[in-house]
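Each chain, written out:
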Amino acid sequence: MTNPRRNGLTSVADQSEDELGGAGSVLWRQRADHADLDALMHAYDAEPDADARGRIVAEFGERALRHAFAEETVLFPAYRRHLPGDDDELTAHIEGDHQQVNELLQDLQRADPASPGYDARVRRAFEVVRHDAHDEEDDLLPRLQQVADVGELRAIGAAWEAARRASPTRPHPKVPRRPPGNVVAGAGLAVSDRVKDAVDAALPVGSARRAVGRGALAVTAAAVVVAAVRRSLRGGRAGRRR
Ligand SMILES: [Fe+2]
Ligand SMILES: [Fe+2]
């Protein structure tokens, strides 16, 4: 089946795992992550309790931000390298959508899930994420599939997963959406976000020990990010040798 963009390409939504290059391919990883995001959006729709909805939005937000970071730091630069004749209108458009999602998630992070306007902002974020997934599955990924072989798609997939794991976990709308700015800022923010996540999970709000805990955990979090970046570099080199 061809996709609704009428670009003559088959959407990755309509291809088998084998056709997409297997489970390690960036095409398969992207589609699987979009499906997980979609499941969280449906879970929100089915949940009547405001606090539970807030927890789903927090999980959705972290997953969406990690996904977008992997796209902005690995997938889109790879797309632009493989299709140098194309103008970058498509990746610029999707990066604009990511910017909107960052801003909406930052607002939602500070908002009470029971407050007026919360649901409307959540639904706007969902709408942008769904639109974004269609742009990628129907257009960007099939175009990349035409010019990259399976070894390259798997190497991009390995680097994509390493970036997703090492990504910041909180919205940062002021950070650039393109390398090198997002890579440089992302490494430090990933550390500080994990410290905040870990301390917020372990200690009560307002506790004086939170500041102390954040300092101690920074060292561990930095080691996690450095290891992930090293794995990504090793994966990229291995992919090129294949
Ligand atoms: Fe995206
Ligand atoms: Fe995506």
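One structure accompanies this document, and this report is about it.

Conventions used here
Residues numbered from 1 in each chain as written. Chains lettered and ligands numbered in written order. Predicted model: local features only at pLDDT ≥ 70, side-chain atom pairs only at ≥ 80, totals over all residues. Heavy atoms only, no water. Helix = DSSP H or I, 4+ residues; strand = E, 2+ residues; numbered from the N terminus. Buried < 20%, exposed > 50% of the residue type's maximum accessible area, 1.4 Å probe, protein only. Contact = heavy atoms within 4.5 Å. Areas by Shrake-Rupley, 256 points an atom, 1.4 Å probe, with all protein chains shown as cover. Donors = N, O, S within 2.8 Å, 3.2 Å for Na, K, Ca; no water. Tetrahedral: all angles 85-135°; square planar, octahedral: opposite > 155°, others 65-115°. Axes fitted to C-alpha atoms, helices over the stretch in contact; angles between N-to-C directions. Parallel < 35°, antiparallel > 145°, perpendicular 65-115°, else oblique. Left-handed = near helix turned anticlockwise from the far one by under 90°. Nonpolar A, V, L, I, M, F, W, Y, C, P; charged D, E, K, R; others polar. Salt bridge = Lys/Arg side-chain N within 4 Å of Asp/Glu carboxyl O.

## Overview of the overall build of the chain
- Along the backbone of the chain there are seven helices and zero strands.
- From first element to last, N terminus to C terminus, the chain shows the α and β order α-α-α-α-α-α-α.
- Looking at the chain as a whole, 47% of its 242 residues qualify as buried.
- In the chain, 73% of the contacts between residues at least 6 apart in sequence involve partners at least 24 apart.
- By element, 55% of the accessible surface of the chain is carried by carbon and sulfur atoms, the whole surface being about 12,100 Å².

## Some words on the coordination of the iron ion (ligand 2)
- Looking at the metal site, the iron ion (ligand 2) is ligated by His34 (NE2), His67 (NE2), Glu71 (OE) and Glu136 (OE), spaced 2.0 to 2.2 Å from it.
- One can describe the donor arrangement at the iron ion (ligand 2) as irregular, given that its four donor atoms subtend angles of 76 to 154° at the metal.
- All donors to the iron ion (ligand 2) come from one chain, and their sequence spacing reads H-x32-H-x3-E-x64-E.
- Separating the iron ion (ligand 2) from the iron ion (ligand 1) is a distance of 3.3 Å, and glutamate 71 supplies a donor atom to each of them. Residue histidine 34 is found in helix H1 (residues 26-46), and its partner histidine 67 is found in helix H2 (residues 50-82); the two are separated by 33 residues along the sequence. Note on accessibility: histidine 34 and histidine 67 belong to one class, buried.

## Focus on the coordination of the iron ion (ligand 1)
- Binding of the iron ion (ligand 1) to the protein goes through Glu71 (OE), His98 (NE2), Asp132 (OD) and Glu136 (OE), at separations of 2.1 to 2.2 Å.
- Here the iron ion (ligand 1) binds four donor atoms, and the angle range of 87 to 166° at the metal identifies the geometry as irregular.
- Summarised as a motif, the one-chain spacing of the donors to the iron ion (ligand 1) is E-x26-H-x33-D-x3-E.
- Of the residues examined, aspartate 132 reaches a relative accessible area of 7% and is grouped as buried.

## Notes on the packing of H2 against helix H3 (residues 89-110)
- Relative to each other, H2 and H3 sit at 160°, their axes nearing to 11 Å. Considering the angle they form, H2 stands roughly antiparallel to H3. Seen along the crossing, H2 lies across H3 with a hand that is left-handed. From H2, Val57, Gly61, Leu65, Ala68, Glu71, Glu72, Phe76, Tyr79 and Arg80 reach across to H3, where they touch Leu90, Thr91, Ile94, Glu95, His98, Asn102, Leu105 and Leu108.
- Its residues assigned to classes, the contact of H2 with H3 shows nine nonpolar, four polar and four charged.

## Here's the deal with the pattern of salt bridges
- On inspection of all chains with the given rule, the structure shows 16 salt bridges.
- The salt bridge partner of aspartate 88 is arginine 178, with a shortest N-O separation of 2.9 Å. In this pair, aspartate 88 is assigned in the loop between H2 and H3 and arginine 178 in the loop between helix H5 (150-166) and helix H6 (181-202), connecting sequence segments 90 residues apart.
- We classify aspartate 88 as partly exposed; its relative accessible area is 34%.
- In this structure arginine 178 comes out as partly exposed when scored by relative accessible area, which is 26%.
- One salt-bridge network, in which partners are shared between bridges, spans Arg29, Glu161, Arg164 and Arg165.

None of this, on its own, says anything about what the molecule does.
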